[in-house]
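Chain and residue survey
In case you want the letters, here they are:
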Amino acid sequence: MTKNNVLKLPLTSQITWQDLLEEFILVKEAEGRSARTIHDYRFHVERFFNRFPHALESYTSLRQSVLKYFTEKASPSTRNKRLAHLKAFFSWCAKEGYIPANPAEGIKRAKEDIDNIRHVSLEEVKKLLQQPDKKTYTGLRDYCLMLVQIDTGVRPGELLQVKVSDLSLESREIRIRPEVAKARVGRTLVINPFTAQQIARFLRIRPECWGDDVPLFASENGITLNENDWAKRVRNYCKKAGIKVTPYGLRHTFAIEFLKAGGDPFSLQRILGHTDLTMTRRYVRLSQDDIKEVHEKASPVQKLQQMGKRAPRKLV
């Protein structure tokens, strides 16, 4: 079959992109992919076909739809995520003989600014934590969510899937199960006594009828809080506080503050769940830049200059 011909799928027109996606998802589940990974595959494939519902009419149509899709404006990070998931899906389709080739092949990743890590000061974090109404379930939940992120640097997607059984207030630990961890490697996070105290306060207003299948920080309806919904809630709190930060920005803030306080990169790597030191090194560079800035402001020599005094040229 040539690329310009109408796609000759098995069972002809009875097979839709939804059918292909469901089979692809089954394959990925059989491979043991995490729930988060499965969700992301489904989200990105559905997003593409909702944008181009007739893309499978021919390979030419499919290829043109993919090219148009990646001309749409998006941040480098978002574009790369879309590309990775669609490439995996179409690669599987080509391997199974549903399409003649991968229409996303040859499309290159966008160059990301690896040092563009957005974090905020502790003064801004304090303002942010003052925004939720802690007299309500959602307000206290949101407060605890932000507090845990600042305390541990845990990924939002991992924290939102934590169960009550993963929490130990006595030992002040939160367990990130392998199946919800991004790198598929479980780890245990230590929380501050104050954080544990606030979570205990939150547990007292959590409905007693909810079992362990309901996430610790669930929505009011007892379902898993969506990452996008959580990001919107943080954005609303930021607007009230007059600052800008995302849930991932809170993770970055933890990392920067951890290193500035004397924490070592290897411990930070384990805490954050990085598979290697590549990302951790970025935090190291940023923390060093912050230290330089603090030194310039706090140096005795700088203060002497501001006082109108001349510093000695030589130290005796």
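Our structure's up above, just so we're on the same page.
Now for a description of the structure that goes with this document. Quick caveat: nothing in here was measured; it's all calculated off a predicted structure. (Residues numbered from 1 in each chain as written. Predicted model: local features only at pLDDT ≥ 70, side-chain atom pairs only at ≥ 80, totals over all residues. Heavy atoms only, no water.)

**Some thoughts on the overall build of the chain**
For the chain, the helix and strand inventory stands at 13 helices and three strands. A total of 316 residues make up the chain; the buried ones form 42% of that total. Long-range pairs, those at least 24 residues apart, make up 61% of the contacts in the chain between residues at least 6 apart in sequence. Per element, the accessible surface of the chain, about 18,400 Å² overall, is 51% carbon and sulfur. (Helix = DSSP H or I, 4+ residues; strand = E, 2+ residues; numbered from the N terminus. Buried < 20%, exposed > 50% of the residue type's maximum accessible area, 1.4 Å probe, protein only. Contact = heavy atoms within 4.5 Å. Areas by Shrake-Rupley, 256 points an atom, 1.4 Å probe, with all protein chains shown as cover.)

**With respect to the pattern of salt bridges**
Once the charged atoms of two side chains with opposite charge are near each other, the side chains can pair. As enumerated under the stated definition, the model contains 13 salt bridges in all. Between arginine 177 and aspartate 166 there is a salt bridge, with its nearest N and O atoms 2.3 Å apart. With arginine 177 in the loop between strand 2 (173–176) and strand 3 (187–190) and aspartate 166 in the loop between helix 7 (156–159) and strand 1 (167–168), this pair connects stretches of sequence that are 11 residues apart. Each member of the pair, arginine 177 together with aspartate 166, is buried. Residues participating in the shared-partner salt-bridge network are Asp166, Arg175, Arg177 and Glu179. (Salt bridge = Lys/Arg side-chain N within 4 Å of Asp/Glu carboxyl O.)

**Section: the environment of arginine 251**
Here arginine 251 lies in helix 10 (residues 247–260). Placed 21 residues apart in sequence, arginine 251 and leucine 272 show a C-alpha to C-alpha distance of 8.4 Å. Beyond its immediate stretch of four places on either side in the chain, arginine 251 contacts Gln149, Gly153, Val154, Arg155, Arg187, Leu272 and His274. At a separation of 3.3 Å, a polar atom in the side chain of arginine 251 contacts the side chain of histidine 274. (Polar contact = N/O pair within 3.5 Å; in protein donor to acceptor, adjacent residues only side chain to side chain.)

**Description of the sheet that holds strand 1**
With antiparallel pairing, the three strands of this open sheet are ordered in space as 1-2-3. At either end of the open sheet lies a strand with only one pairing partner, and these are strand 1 and strand 3. Where strand 1 and strand 2 come together, two bridges link them in antiparallel fashion. Bridge assignment links serine 168 to a residue of strand 2, and that residue is glutamate 173. (Pairing = 2+ DSSP bridges.)

**What about the side chain of arginine 177?**
You can call arginine 177 buried: its relative accessible area is 10%. Within the structure, the side chain of arginine 177 is placed 2.9 Å from the side chain of glutamate 179, a separation counted as a polar contact. Aside from chain neighbours lying at most four places away, what touches arginine 177 is Gln161, Val162, Lys163, Asp166 and Gly186.

**Quick notes on helix 1 (residues 17–30)**
With 14 residues, helix 1 should reach 20 Å at 1.5 Å per residue; the first-to-last C-alpha distance of 20 Å fits that figure. Every buried residue belonging to helix 1 is among Trp17, Leu20, Leu21, Phe24, Ile25 and Lys28, and all of these are buried. Along the axis of helix 1, the buried positions cluster into a sector of 135°, meaning they face one direction only. Structural note: helix 1 exposes Leu26 and Ala30 on the side pointing more than 90 degrees away from its buried face. (Expected span 1.5 Å × (residues − 1). Arc of directions from axis to C-beta.)

**Digging into the packing of helix 2 (residues 35–51) against helix 3 (residues 59–69)**
In contact at an axis separation of 10 Å, helix 2 and helix 3 are set at 105° when each is read in the N-to-C sense. Looking at the two axes, helix 2 sits roughly perpendicular to helix 3. Of the residues in helix 3, those touching helix 2 at Arg47, Phe48 and Arg51 are Leu62, Ser65, Val66 and Tyr69. For the contact of helix 2 with helix 3, the per-class residue count stands at four nonpolar, one polar and two charged. (Axes fitted to C-alpha atoms, helices over the stretch in contact; angles between N-to-C directions. Parallel < 35°, antiparallel > 145°, perpendicular 65-115°, else oblique. Nonpolar A, V, L, I, M, F, W, Y, C, P; charged D, E, K, R; others polar.)

**Description of the packing of aromatic side chains**
Counted under the stated rule, the structure contains 18 aromatic pairs. Summarising the aromatic geometry, the rings of phenylalanine 49 and phenylalanine 89 are spaced 6.3 Å apart at their centres and angled 85° between planes, so their arrangement reads as edge-to-face. Linking phenylalanine 49 in helix 2 with phenylalanine 89 in helix 4 (residues 76–95), this pair joins segments that are 40 residues apart in sequence. We classify phenylalanine 49 as buried; its relative accessible area is 2%. Classification of phenylalanine 89 by relative accessible area gives buried; the value is 0%. Pairing tryptophan 92 with tyrosine 98 gives two aromatic rings, centres 5.7 Å apart and planes at 40°, and the pair type is tilted. Aromatic ring contacts, followed pair by pair, group Trp17, Phe24, Tyr41, Phe48, Phe49, Phe52, Tyr69, Phe70, Phe89, Phe90, Trp92 and Tyr98 into a single cluster. Across from the ring centre of tyrosine 143, 4.4 Å away, lies the NZ or CZ of lysine 134, which sits over that ring. (Phe/Tyr/Trp six-rings, centres within 6.5 Å; stacked < 30°, edge-to-face > 60°. Lys NZ or Arg CZ within 6 Å of the ring centre and 35° of its normal.)

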